[in-house]
Amino acid sequence: MVHLDLDIEQFWKDEEIAHKDNCFSPDAPQVALGIRMSNECVYAELGEEGHPWDPVDPIRQAELNKRYNDKAEKIVGRRLLPEVFTKNDLQFPRIKAIGEIFGSRYEYVNHSEWLHRCAETPEEVEAMLDRVEKLDIRSFMLPPNWEKEKNRIFEITGKLPYPMRHVRGPVTLACSLMGEENFIFLLLDEPDLAMRFSNVIKKVIIEMNEIWDVECGVTPETSGSYGFSFADDNCCLLTPEMYEMFAYPILRDVFARFAPGENDPRYQHSDSAMGHIIPILGRLNLNGVNFGPTVMVSEIRKHLPKARIDGCLAPFTFMRNEEEEIVAQVRRDCEAAKATGRGLNLTTAGSINNGSLLTSMRLVMAAIQTYGRY
């Protein structure tokens, strides 16, 4: 068992400063901690039955989270998970997602949501794009009871829905709609059609978010503060040339529309081996990233000097509570952050999964306090 000393009160005092200036503050005494665990983690921690990806009744989730927080307060000194959840009758009706705009459907299978293929051949892609270009996206996207429910909930709570400003990234979306091999062959064999596909994805993302911004009461003055983020794990499958042709113009123009200011959030999540794509992402002025566990701080920093790096602890190392390896990876990343100019928000390179224990979070805190002092 690995033991490192931890002054927990001092850690949290230093942690408040560590997040200033997007984790680049010259006054930060130590590397920032991005780990705050997740609702998924309650089952292993409490020895409770349940699958972390299944829908959970809000009352049960609140009860589990409260018990979890009681334990967290003793181990890491903070209550980490929310204990109050919106009642079902005060949740806004579900709107259509981008996959449905393109004619696909989402299905919950084996404890996870899947987006089905809907266009595997070039001919099917052309037909799909023809249909999407004629679609009244607002009417399709919002359910028939939308206005009534939005007004009812607003009258009770005084709240409008929150801007989405996040989407499945273009490569992952295309792979979901077509299948990975079919999509790559499309890029190689039908570049003009692939570019049309790219342009339609871009237009749909922008239009969907403009429609939703209106429903959320977003104004031109507040628009940029919400920023925009993509989750594009499958970008690792493309060569840099393919990525620049298909995906880069989408990110470039969406960021220009929704996050034009220097400090507007521009974020990319891709927890895969996509280091070969980073030089292209470096031209997008990203200020937040979360990449795969094989993509290191020093490599990211070469091309993204202003980006907060959320990483790079391997999620399965953390989930398996492999103490020696956790400390080794935290030390590696802290030393890289000190050598390359701060900006590290130390968390997992991907999701925090059930099985990750509070004792491992405490060990990360101790390792930061030991090896991550600036």
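One can find the structure itself at the top, above this paragraph.
Conventions adopted
Residues numbered from 1 in each chain as written. Predicted model: local features only at pLDDT ≥ 70, side-chain atom pairs only at ≥ 80, totals over all residues. Heavy atoms only, no water. Phe/Tyr/Trp six-rings, centres within 6.5 Å; stacked < 30°, edge-to-face > 60°. Buried < 20%, exposed > 50% of the residue type's maximum accessible area, 1.4 Å probe, protein only. Helix = DSSP H or I, 4+ residues; strand = E, 2+ residues; numbered from the N terminus. Lys NZ or Arg CZ within 6 Å of the ring centre and 35° of its normal. Pairing = 2+ DSSP bridges. Contact = heavy atoms within 4.5 Å. Core = buried A, V, L, I, M, F, W, Y, C linked by side-chain atoms within 4.5 Å.

Undergrad: Describe the packing of aromatic side chains, and please don't skip the residues or the numbers.
TA: Summed over all chains, the structure comprises ten aromatic pairs. For the ring pair F11 and W12, a centre distance of 5.4 Å and an interplane angle of 85° mean the geometry is edge-to-face. Exposure remark for F11: the relative accessible area of 0% places this residue in the buried category. Relative to F255, the ring of F230 lies with its centre 5.5 Å away and its plane at 90°, an arrangement referred to as edge-to-face. Highlighted residues: F230 in strand 5 (residues 228-231) and F255 in helix 14 (residues 248-258), separated in sequence by 25 residues. An identical accessibility class is assigned to F230 and F255; each is buried. Site record: aromatic cluster; members linked through ring pairs are F102, F183, F197 and F246. One cation-aromatic arrangement involves R342 over Y374; the distance from NZ or CZ to the ring centre is 4.1 Å.

Undergrad: Which residues make up the sheet that holds strand 5, and what values do they have?
TA: With parallel pairing, the seven strands of this open sheet are ordered in space as 1-9-8-7-6-5-4. Lying at the two open borders of the sheet, with one neighbouring strand each, are strand 1 (32-33) and strand 4 (166-168). Sheet analysis places strand 4 next to strand 5, joined by three bridges and oriented parallel. Directly across from R168, in strand 5, lies its bridge partner A231.

Undergrad: Lay out the environment of I309 in plain terms, naming residues and giving numbers.
TA: Tracing the sequence through the fold places I309 in strand 8 (residues 308-313). By relative accessible area, which is 1% here, I309 ends up buried. Here the alpha-carbon distance between I309 and A349, two residues 40 residues apart in the chain, equals 9.5 Å. Beyond its immediate stretch of four places on either side in the chain, I309 contacts V289, V297, I300, R301, G343, L344 and N345.

Undergrad: So, the nonpolar core: which residues are in play, and what are the values?
TA: Counting 108 residues, the largest nonpolar core has M37, Y68, F102, F197, Y243, M361 and V364 as the members making the most contacts within it. Ignoring anything within four residues of it in the chain, the contact list for F197 reads F102, V125, M128, L129, A174, L177, M178, L186 and F246.

Undergrad: Which residues make up the side chain of K150, and what values do they have?
TA: Looking at where K150 falls in the secondary structure, it is placed in helix 8 (residues 146-157). Looking at K150, the relative accessible area reads 11%, which means it is buried. For K150, the contacting residues outside a window of four places in its chain are F92, L160, P161 and E215.

Undergrad: Before we move on, can you summarise unusual backbone geometry with the specific residues and values?
TA: With an omega of -5°, the peptide bond between G311 and C312 qualifies as cis. One can find C312 in strand 8. In this structure, D21 is a non-glycine residue whose phi angle is positive, near 55°. For D21, the position within the fold is in helix 2 (residues 20-23). A positive phi is found at R165, a non-glycine position, where the angle reads about 50°. Position of R165 relative to the elements: it lies in the loop between helix 8 and strand 4.

Undergrad: Break down the side chain of Q329 for me, with residues and values.
TA: Turning to its location among the elements, Q329 is positioned in helix 18 (residues 323-340). When residues no more than four places from it in sequence are discounted, the contact partners of Q329 are C312, L313, A314 and T317.

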